[in-house]
Amino acid sequence: MHFIENRMFDRYIINDINSKLINLYKVIRDAPAELIDGINSLKIKYIEADEFHREKQFYTIREAFNGECDEVTQAVYMVFLNKTCFNGLYRENSEGKFNVPFGRYKNPNFIDEEQLIELSSLLNIKDETGDFKVKIMNTHFCELKDYIDDNSFIYCDPPYRPVTMGGFNSYDKSGFNDESQIELSKFYRVADAKGARIMLSNSDPKVFDPNDDFFENLYQDFNIKRVRAKRTINSDGRGRGEVEELLITNY
Ligand SMILES: C[S@@+](CC[C@H](N)C(=O)[O-])C[C@H]1O[C@@H](n2cnc3c(N)ncnc32)[C@H](O)[C@@H]1O
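How each quantity is defined
- Throughout, residues of each chain are indexed from 1 in the direction in which the sequence is written.
- Per-residue local features of the predicted model are confined to residues with pLDDT of at least 70, and side-chain atom pairs are confined, for both listing and counting, to 80 or more; whole-chain, interface and lining totals are unaffected and use all residues.
- Helix and strand assignments come from DSSP, with helices taken as H or I runs of at least 4 residues and strands as E runs of at least 2, each series counted from the N terminus.
- The quantity called the radius of gyration is restricted to C-alpha atoms. Its globule counterpart is 2.2 Å times the number of residues to the power 0.38.
- Using C-beta atoms placed from the backbone, we call a residue buried if 20 or more other C-beta atoms fall within 10 Å of its own, exposed if 12 or fewer do, and partly exposed for counts in between.
- Our contact criterion uses C-beta atoms placed from the backbone: two residues qualify when those atoms are within 7 Å.
- For a helix, the expected span equals 1.5 Å multiplied by the number of residues minus one.
- pLDDT expresses how confident the predictor is about each individual residue, on a scale running from 0 to 100.
- Here the axes come from fitting lines to C-alpha atoms, over the contacting stretch only for helices, and the angles between their N-to-C directions go from 0 to 180 degrees.
- Oblique is the label for any angle not covered by the other classes, which are roughly parallel (under 35 degrees), roughly antiparallel (over 145) and roughly perpendicular (65 to 115).
- In this scheme the handedness of a crossing depends on how the near helix is turned from the far one: anticlockwise by less than a right angle means left-handed, clockwise means right-handed.
- The residue classification treats Ala, Val, Leu, Ile, Met, Phe, Trp, Tyr, Cys and Pro as nonpolar and Asp, Glu, Lys and Arg as charged. All others, Gly included, are polar.

Novice: Explain the overall build of the chain to me, and be specific about the residues and the numbers.
Specialist: The helix and strand tally for the chain stands at eight helices and six strands. Relative to its length of 251 residues, the chain is compact, with a C-alpha radius of gyration of 19 Å against a globular reference of 18 Å. Its C-alpha atoms give the chain principal-axis dimensions of about 55 × 50 × 30 Å. Buried residues in the chain amount to 18% of all 251 residues. Of the contacts formed within the chain by residues at least 6 apart in sequence, a portion of 67% connects residues at least 24 apart.

Novice: Please set out helix α2 (residues 19-30) residue by residue, giving values where relevant.
Specialist: Along its twelve residues, α2 runs 16 Å from first to last C-alpha, staying within 8% of the 16 Å computed at 1.5 Å per residue. Of the surrounding secondary structure, the elements contacted by the buried residues of α2 are β1 (12-15), α3 (32-48), α5 (71-84), α6 (113-123) and β2 (134-137).

Novice: Give me the confidence of the model for the chain: which residues, what numbers.
Specialist: Here the chain averages 91 in pLDDT, and 91% of its residues register 70 or above. Note that residues 235-239 has pLDDT below 50 and, in this model, nine contacts with residues that lie over four places away or in other chains.

Novice: Go over the packing of α3 against α5 with me, naming the residues and quoting the values.
Specialist: At a minimum axis distance of 9 Å, the contact between α3 and α5 shows a crossing angle of 45°. For the element pair α3 / α5, the angle class is oblique. Here α3 runs over α5; the crossing is right-handed. Across from Glu34, Leu35, Gly38, Ile39, Leu42 and Tyr46 in α3, the residues of α5 making contact are Val72, Thr73, Ala75, Val76, Val79, Phe80 and Thr84. Split into classes, the residues belonging to the contact of α3 with α5 amount to nine nonpolar, three polar and one charged.

Novice: Residue-level account of the environment of Glu244, with values.
Specialist: The residue Glu244 is located in strand β6 (residues 241-249) in this model. Residues within four places of Glu244 in sequence aside, it is in contact with Asp204, Val207, Arg226 and Arg228.

Here's what the structure looks like:
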């Protein structure tokens with residue numbers, strides 16, 4: 001949002017392989033009022049219900065989300081599930097079905113309407129040819145190579161490498177394992193060779209195993225900074241709250 005607000009680039013790309021997440025971005029752009037109305041009606045029902053009926057509502061919506069629904073409904077359900085599921089995780093099973101359990105929050109913070117409308121208007125900015133300045137894509141990161149040149153800035157926010165046994169890294173049905181991290185590091189090198197500036201965030205394996213040099217080996221020619229970040233998404237309590245993370249840059 002900061003980059004678009006300050007008109008720092010002529011064109012932008014938002015990309016993710018998760019088609020439901022990308023649908024949400026498109027609905028924020030194209031139908032923010034319907035999205036807000038849909039979320040608010042689910043929210044009212046949720047707030048007024050007792051614990052038993054909240055849980056029932058959650059599982060009914062989860063099942064509907066995993067079935068056939070139109071774009072706006074799917075986006076409404078995605079936000080509702082994200083706000084009411086366990087730890088705000090997004091995880092799919094091998095069949096591509098969202099399978100995170102109910103979260104038991106007393107007073108979940110559903111949406112910031114003003115921020116959503118602001119984001120929507122930024123996503124609607126068009127260039128002189130009438131195309132959106134922000135292209136919203138749904139593909140594997142490898143497919144983005146042709147869009148990169150020496151004026152590009154790229155931020156990669158990949159699934160974090162799990163730092164614990166059973167750590168969470170399955171954002172979509174394909175999973176994202178160490179081989180995927182290696183593939184991403186090759187993409188990073190291609191972007192670097194094209195002259196782009198590139199920043200990548202990831203978990204810091206050294207928090208749990210000081211001898212784990214996985215990222216030091218993968219990104220040995222680049223700058224690796226350790227930063228403190230707030231995290232609630234981790235199946236192991238030690239990975240929650242303020243944790244050390246990596247910021248890897250080529251500049
Ligand atoms: C830490 S999350 C980032 C979420 C994102 N920044 C957002 O808007 O919420 C990691 C993301 O990487 C995506 N991902 C996994 N494999 C990918 C791939 N091969 N190409 C592109 N995106 C991928 C997942 O779908 C997931 O949404």
